[in-house]
Number of protein chains: 2
Amino acid sequence: MGHENLSERKKLILKAIVEAHIDGGEPVGSKYIMQNNLLSCSSATIRNEMAELEQMGYLVQPHTSAGRVPSEAGYRFYVDALVEQYARTTHEVVQINQLLRTKMNELDQLLDTASRLASTMTNYTGIAIKPKSNSVTMSKFEIIPMDQNNFAMVMISSGGVVKTKKVKTAETIPEGALARLSELFNSALCGIGADMITLPIIMRLEVEMGDAAFLVNPTVKCVYEVMNEIDGGEMKLSGLNHLLKYPEYADTEELGELLGTLESQEEILELVSTAESDDINVLIGSESSVKVMNNSSLVFTPIKKNGHTIGVIGVLGPRRMNYKQVLKTLGDIGGSITQMMDEDRQLKEANTKEGDN
Amino acid sequence: MGHENLSERKKLILKAIVEAHIDGGEPVGSKYIMQNNLLSCSSATIRNEMAELEQMGYLVQPHTSAGRVPSEAGYRFYVDALVEQYARTTHEVVQINQLLRTKMNELDQLLDTASRLASTMTNYTGIAIKPKSNSVTMSKFEIIPMDQNNFAMVMISSGGVVKTKKVKTAETIPEGALARLSELFNSALCGIGADMITLPIIMRLEVEMGDAAFLVNPTVKCVYEVMNEIDGGEMKLSGLNHLLKYPEYADTEELGELLGTLESQEEILELVSTAESDDINVLIGSESSVKVMNNSSLVFTPIKKNGHTIGVIGVLGPRRMNYKQVLKTLGDIGGSITQMMDEDRQLKEANTKEGDN
DNA sequence: GATTAGCACTTAACGCAAAAGAGTGCTAAA
DNA sequence: TTTAGCACTCTTTTGCGTTAAGTGCTAATC
């Protein structure tokens, strides 16, 4: 990434401009840079440098008599090379830990709390995503009778997700049928993917159930639904109101489109699922391929357990997002979660070993 | 409700003004009313009537040379007395039925789908609410072992809601302990409210569990959480982007506050839980006691099962909401759900009787 | 007595030109 | 290579007369 061919001074100036624009929101001029950044040179010199930075594509001038604004490439350079390494303060980490620890047992809640936290800490909109995994199988079925026409179906996926569905039957459930059904499902449907549940299998199940064959259809349907639910991504936003603080979202029409896109979820899920990095990802403006986000940036980080991704949390804001702060915050939160997961695993392994003896 | 002391002509004019303002969004003048409403009188007459209507508090004049805008009282009168009774077309009802029927088994999903539907049909923001019930007890516990340190806890509430929680234990779970735990919980915690789970009860459970006493604490905590989850209200919005179409939400700051309030949920839950009517409720502007909603209206209707409310769906929009359309839509959707619930119940009763024979 | 035509009056909205402000690019000197 | 200085450009603000919409009132009419 030929980022190195910038003089130190150019880097300093670019950094100053980006940071000034991030918290001012307006084009920044040479004079301002000179006054607020201990650079030992005059505004004229800065102007010259700025002109060159513009030619290189890192800055943009809204109009002749305005200051400069960072271009997408400018932000990219800033994020890649200029933003300082963030250092976590112990205090904050402790706070984060306390808040998250109580939610560790419920994946959905954990992600949600984490993104909410990210949102309040950064003043941007938080995103919690449970991405498509594309390889869900069931590891256990359990059936709990409720009354003559209802039972609850508890399913545990290979990934350890527990889901419950209520099933309603048209006819009265015969004595003992549910026990048989449970046994049958456990032997026939465990470990196979949703696309492997074919008609022959269903028919065989129906034969085996005999006079209670009518139970098979709704139950299988329910299994199928759950597999798709676990598999299919889900996304939750928090702190939408933060967006409105930034003038770049003042255009109601554009904002409406953005909200619509966010609500339909698909595009964002797609976006996140094609993430390159295993660490923190930063998508600036049109890098994201979603049109309505051309003026926004999305920063997100995967949450992992035993090495594979179980969720994503992130932050959405204007392109002139405070990357330094956001990177730090997401790093903190992601780090805390991963650490807790690890502690968990170690605990578990220790116990297993103990059990083996 | 002294609504009757308006002459027929005044009513006609008020109705015309309200409806014109609803779909134009701007103050309406006497001339416009004269031209577009088959009133056999001149604009001067209408002006006189309008002046009187203003004095009575039904209309408001933004400034001297502007037309009139309905006041809150004006909308209230319109909704109470002037809006025409809506008639459902069979076609739409069929559509609604089809969409909702597949979701009947999951309360959360049903409400969500219903509100989403309301939102797209009306072009306002949809709200789905699961209100506080304040009287949750459990009717059944079931425990499903997962591995040496994890098990799933399935709980069925008296209201028929099924919830699952994963429980992680610090020590390895002893053989047979879970079966005992399940039995114990079923006998000790069924039918009692969350506030009745006191320390003495927990201590007795621990004694009874003997060497597996360490299981009691996390499990009870989990029961407690679930009871509060079922009890505590929850709220989901859909179609937020619709709001932005209306110029009354152009003020970003105000909109931000509104979004914040909506997200924190409490106020809206409170609002809905104090609903007076068992049918469709209409809260116009400041009637709602939530400050940020002074320029908005909220229309909602409870969803009932066997006579008591299990959820609320509604629509949020500008004060000049198209009440006619919204009332019709919510009526349709609510009607469809109730009807389906009834069919369900009848089915169930028929089966029960059959089983008795 | 109710209705209507006509007109003066009020006020927001619009358009436009002048002034102000901000920031640049360039030139010439240090 | 840096910098002071200045002319230039373009946006933003301000002020002001004009326009348009809609009313309230009065006097005539039904």
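As the structure is a computational prediction, the values presented were derived from the model and not from experiment. (Residues numbered from 1 in each chain as written. Chains lettered and ligands numbered in written order. Predicted model: local features only at pLDDT ≥ 70, side-chain atom pairs only at ≥ 80, totals over all residues. Heavy atoms only, no water.)

Enquirer: Please clarify how the sheet that holds strand β4 (residues 138-147) of chain A should be interpreted in this entry.
Expert: The pairing of strands in a sheet happens through backbone hydrogen bonds and is either parallel or antiparallel. Residues and elements named next belong to chain A. Strand order in the open sheet made by the 3 strands is β4-β5-β6, with antiparallel pairing throughout. Only two strands of the sheet have a single neighbouring strand rather than two, namely β4 and β6 (162-168). Between one strand and the next, the sheet's axes are offset by a mean angle of 20°, whatever the strand orientation. Direction of pairing for β4 relative to strand β5 (residues 150-157): antiparallel, over a ladder of 8 bridges. From the neighbouring strand, Phe141 faces β5, where its bridge partner is Met155. (Pairing = 2+ DSSP bridges. Helix = DSSP H or I, 4+ residues; strand = E, 2+ residues; numbered from the N terminus. Axes fitted to C-alpha atoms, helices over the stretch in contact; angles between N-to-C directions.)

Enquirer: What is the right way to read the protein's contact with DNA strand C from this model?
Expert: Looking at DNA strand C, there are 20 residues lining it, with Ser30(A), Arg68(A), Ser42(B), Thr45(B) and Thr64(B) nearest. Taking the atoms of DNA strand C that fall within 4 Å of the protein, sugar and phosphate contribute 76% of them. In this structure, a phosphate oxygen belonging to DNA strand C sits 2.9 Å away from a side-chain N or O atom of Arg68(A). In the model, a base oxygen of DNA strand C is placed 3.2 Å from a nitrogen or oxygen of the Arg47(B) side chain. Elements supplying a minimum of two residues to the surface near DNA strand C: α3 (43-55) of chain A together with α3 (43-55) of chain B. (Near = heavy atom within 4 Å. Polar contact = N/O pair within 3.5 Å; in protein donor to acceptor, adjacent residues only side chain to side chain.)

Enquirer: Is there a simple way to think about helix α12 (residues 266-273) of chain B in this case?
Expert: Helical geometry: 3.6 residues make up each α-helical turn, so side chains three or four residues apart lie on a common side. Residue and element names in this part refer to chain B. Considered for burial, the residues of α12 that qualify are Ile268, Leu269, Leu271 and Val272. The buried residues of α12 occupy one face: seen down the axis, they fall within an arc of 160°. What points out from α12, more than 90 degrees from its buried face, is the exposed set Glu266 and Glu270. (Buried < 20%, exposed > 50% of the residue type's maximum accessible area, 1.4 Å probe, protein only. Arc of directions from axis to C-beta.)

Enquirer: Help me understand the pattern of salt bridges in this model?
Expert: When charged atoms on two side chains of opposite charge get close, those side chains can pair. This structure, assessed with the given rule, holds 44 salt bridges over all chains. Between Glu229(A) and Lys165(A) there is a salt bridge whose closest N-O contact spans 2.8 Å. Linking Glu229(A) in helix α9 (residues 216-231) with Lys165(A) in strand β6, this pair joins segments that are 64 residues apart in sequence. Judged by relative accessible area, Lys165(A) falls into the buried class, the value being 4%. For Glu8(B), the salt bridge identified is with Lys11(B), shortest N-O distance 3.6 Å. (Salt bridge = Lys/Arg side-chain N within 4 Å of Asp/Glu carboxyl O.)

Enquirer: What is the right way to read the protein's contact with DNA strand D from this model?
Expert: Around DNA strand D sit 20 residues, and of these Ser42(A), Thr45(A), Thr64(A), Ser65(A) and Ser30(B) come closest. Taking the atoms of DNA strand D that fall within 4 Å of the protein, sugar and phosphate contribute 78% of them. Here a base oxygen of DNA strand D and a side-chain polar atom of Ser65(A) are 2.8 Å apart. Between DNA strand D and Ser65(B), the relevant distance is 3.1 Å, taken from a sugar or linking oxygen to a main-chain nitrogen or oxygen of the residue.

Enquirer: Can you help me understand the side chain of Ser296(A) in this one?
Expert: Tracing the backbone shows Ser296(A) in strand β9 (residues 296-305). Residue Ser296(A) is classed as buried on the basis of its relative accessible area of 1%.

Enquirer: How should I be thinking about the environment of Ser187(A) in this particular structure?
Expert: Residues and elements named next belong to chain A. Relative to the elements of secondary structure, Ser187 occurs in helix α7 (residues 177-188). Note on Ser187: relative accessible area 57%, which makes it exposed. Sequence separation of Ser187 and Phe141 is 46 residues, and the distance between their C-alpha atoms is 9.4 Å.

Enquirer: In this structure, what is going on with the interface of chain A and chain B? I would like to understand it.
Expert: By convention, interface size is frequently given as the accessible area that disappears when the constituent parts associate. Listed by partner, the interface residues are 43 residues for chain A and 45 residues for chain B. The largest per-residue losses of area from chain A upon contact with chain B belong to Lys166(A), Leu244(A) and Glu263(A), which jointly make up 14% of the total buried on that side. Here chain A is connected to chain B by 0 salt bridges. Joining chain A to chain B, the criterion identifies 9 residue pairs in polar contact (both at pLDDT 80 or more). Of all the elements in the fold, those that place two or more residues in the side of chain A that touches chain B are α6 (107-122), β4, β5, β6, α10 (240-243), α11 (252-264) and α13 (323-356) of chain A. Class assignment of the residues belonging to the side of chain A that touches chain B gives a composition of 13 nonpolar, 16 polar and 14 charged. (Contact = heavy atoms within 4.5 Å. Buried area = accessible area lost by both parts, 1.4 Å probe. Nonpolar A, V, L, I, M, F, W, Y, C, P; charged D, E, K, R; others polar.)

Enquirer: Any chance you could explain a negative patch on the surface here in plain terms?
Expert: All names here are of chain A. On the surface, Asp251, Glu253, Glu254 and Glu257 cluster together into a negatively charged patch. Along the polypeptide, Glu254 turns up in helix α11. Overall, the relative accessible area of 35% leaves Glu254 in the partly exposed class. (Patch = residues over 30% accessible without salt bridge, like charges linked within 9 Å, V, L, I, M, F, W, Y side chains within 5 Å. Areas by Shrake-Rupley, 256 points an atom, 1.4 Å probe, with all protein chains shown as cover. Lys, Arg positive; Asp, Glu negative; His and termini not counted. Charge placed at Lys NZ, Arg CZ, Asp CG, Glu CD.)

Enquirer: How should the state of the cysteines be read in this particular structure?
Expert: All names here are of chain A. One pass over the full model with this rule turns up 0 disulfides over all chains. Cysteine Cys190 remains unbridged, with the sulfur of Cys222 as its closest cysteine sulfur at 14 Å. A residue is classified by how much of its surface remains accessible, and Cys190, at 24% relative accessible area, is partly exposed. (Disulfide = S-S within 2.5 Å.)

Enquirer: In this structure, what is going on with the packing of aromatic side chains? I would like to understand it.
Expert: Each aromatic ring pair is described using two quantities: the centre-to-centre distance and the angle formed by the ring planes. All names here are of chain B. One pass over the full model with this rule turns up 8 aromatic pairs over all chains. Geometrically, the ring pair formed by Tyr58 and Phe77 is edge-to-face, given 5.3 Å between the ring centres and 65° between the ring planes. In this pair, Tyr58 is assigned in the loop between α3 and β1 (59-60) and Phe77 in helix α4 (residues 72-82), connecting sequence segments 19 residues apart. Like Phe77, Tyr58 is buried. (Phe/Tyr/Trp six-rings, centres within 6.5 Å; stacked < 30°, edge-to-face > 60°.)

Enquirer: Before we go on, may I ask you to explain the packing of helix α1 (residues 8-24) of chain B against α3(B) in this structure?
Expert: Any two packed helices are characterised by the angle at which their axes cross and by the distance between the axes. All names here are of chain B. Contact pair α1 / α3: the axes reach a minimum separation of 10 Å and the direction vectors enclose 85°. Compared by their axis directions, α1 and α3 come out roughly perpendicular. Contacts from Arg9, Lys10, Ile13, Leu14 and Ile17 of α1 reach α3 at Thr45, Ile46, Glu49, Met50, Glu52 and Leu53. Here the residues of the contact of α1 with α3 sort into 6 nonpolar, 1 polar and 4 charged. (Parallel < 35°, antiparallel > 145°, perpendicular 65-115°, else oblique.)

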